[in-house]
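Notes for the structure review
One letter stands for each residue in the lines below.
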Amino acid sequence: MSEIRLAAEARTEFGKGAARRARRAGLVPGVVYGHGLAPVHLNLPSHALMMALKTPNALLVVPIEGKDEYVLPKAVQREAIRRSIEHVDLLLVKRGEKVTVEIPVHAEGELAPGGNLLEHVLNALPIEAEATHLPESVTVSVEGLEAGASILAKDIELPKGTTLAVDGETVVLQVIGAQAAEATEDEAAEATEA
């Protein structure tokens, strides 16, 4: 994963009014914390931040006290209707440090014939990896799986340097058989009586 550089400026004003002024100026209020560092309050460029956050677990580089630091998005608050970013919490990370994140699980291939459905029990798989080498996602083949088949976390091939942060027996994907749409005679009789 490549790192994304964002311009940031220290935030000296706090409160609702200051946050609104920053948003009108095209900035998003944020805070960086971690590694025993006192929380650092920043204003980040709104459009650049929105584009960076389209990548899951984006590794961002922001200037803090004149030095470029690596940060990961921890919590993003969005406006309810327009979905614009209102505030972001960033976690300070160091090169070589192991972090636990969730990566999206993508399924590829066709299920066995018969109207089976694929259920994503986990949409994102918790993993542990080096902060500067986080995978964007993991792809799982479901080619030819029959109803009742499951793919466990331990069955998923992870990129090198990545380990599971969840029990290996956890079901990630499962195939569900097609449900019969025919009503029994009793159900049909009850429907006509009502």
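In short, a report on the structure. (Residues numbered from 1 in each chain as written. Predicted model: local features only at pLDDT ≥ 70, side-chain atom pairs only at ≥ 80, totals over all residues. Heavy atoms only, no water.)

A short note on the overall build of the protein
Put simply, the rule is: A run of DSSP states H or I qualifies as a helix once it reaches four residues; a run of E qualifies as a strand once it reaches two. Both are numbered from the N-terminal end. Radius of gyration means the value over C-alpha atoms here, while the globule rule gives 2.2 Å times the residue count to the 0.38 power. Burial classes follow relative accessibility: with a 1.4 Å probe on protein chains only, a residue under 20% of its type's maximum area counts as buried, one over 50% as exposed, and anything between as partly exposed. Residue contacts are counted whenever heavy atoms from the two residues lie within 4.5 Å of one another. Only the protein chains shown count as cover for residues, and the accessible areas themselves come from Shrake-Rupley with a 1.4 Å probe. We score Asp and Glu as negative and Lys and Arg as positive, and we do not count His or the chain ends. Taken as the charge location is NZ of Lys, CZ of Arg, CG of Asp or CD of Glu.
Each helix and strand in the protein was counted, giving 3 helices and 14 strands. For a compact globule of 194 residues, the expected C-alpha radius of gyration is about 16 Å, and the protein comes in at 23 Å, more than 25% above that figure. The dimensions of the protein, computed from C-alpha atoms along their principal axes, are 75 × 50 × 25 Å. Sorting the 194 residues of the protein into buried and exposed places 33% on the buried side. Contacts spanning at least 24 positions in sequence make up 62% of the contacts within the protein whose residues lie at least 6 apart. Accessible surface, the protein as shown: approximately 11,500 Å² in total, 50% of it carbon and sulfur. Positive and negative side-chain charges of the protein, numbering 18 and 29 respectively, have mean locations separated by a distance of 19 Å.

Focus: helix 1 (residues 16–24)
Selection criterion: This arc is built from the directions going out from the helix axis to the C-beta atoms.
Buried within helix 1 we find Ala18, Ala19 and Ala22. Angular distribution of buried residues about the axis of helix 1 spans 100°; they occupy a single face of the element. The outward face of helix 1, more than 90 degrees from its buried face, is lined by the exposed residues Lys16 and Arg24. For helix 1, the elements touching its buried residues are strand 3 (27–34) and strand 4 (37–45).

Here's the deal with unusual backbone geometry
Not every positive phi belongs to a glycine, and Glu65 is a case in point at roughly 50°. With respect to the helices and strands, the residue Glu65 is situated in the loop between strand 5 (59–64) and strand 6 (67–78).

Some details on the environment of Thr132
Operational definition: Nitrogen and oxygen atoms within 3.5 Å of one another constitute a polar contact, given that in protein one can donate a hydrogen and the other can accept it, and given that sequence-neighbouring residues count only through two side-chain atoms.
Structurally, the position occupied by Thr132 is in the loop between strand 10 (124–130) and strand 11 (138–141). Counting along the chain gives 120 residues from Thr132 to Thr12, while the straight-line C-alpha distance between them is 30 Å. Side-chain polar atoms of Thr132 contact the side chain of Glu130, separated by 2.9 Å. A polar atom in the side chain of Thr132 sits 3.2 Å from the side chain of His133.

Here's the deal with the environment of Val142
Within the fold, Val142 resides in the loop between strand 11 and strand 12 (150–152). With 104 residues separating them in the primary sequence, Val142 and Ala38 have C-alpha atoms 47 Å apart. In contact with Val142, other than residues within four places in its own chain, are Ala107, Glu108, Gly109, Glu110, Leu111, Leu118, Ile151 and Leu173.

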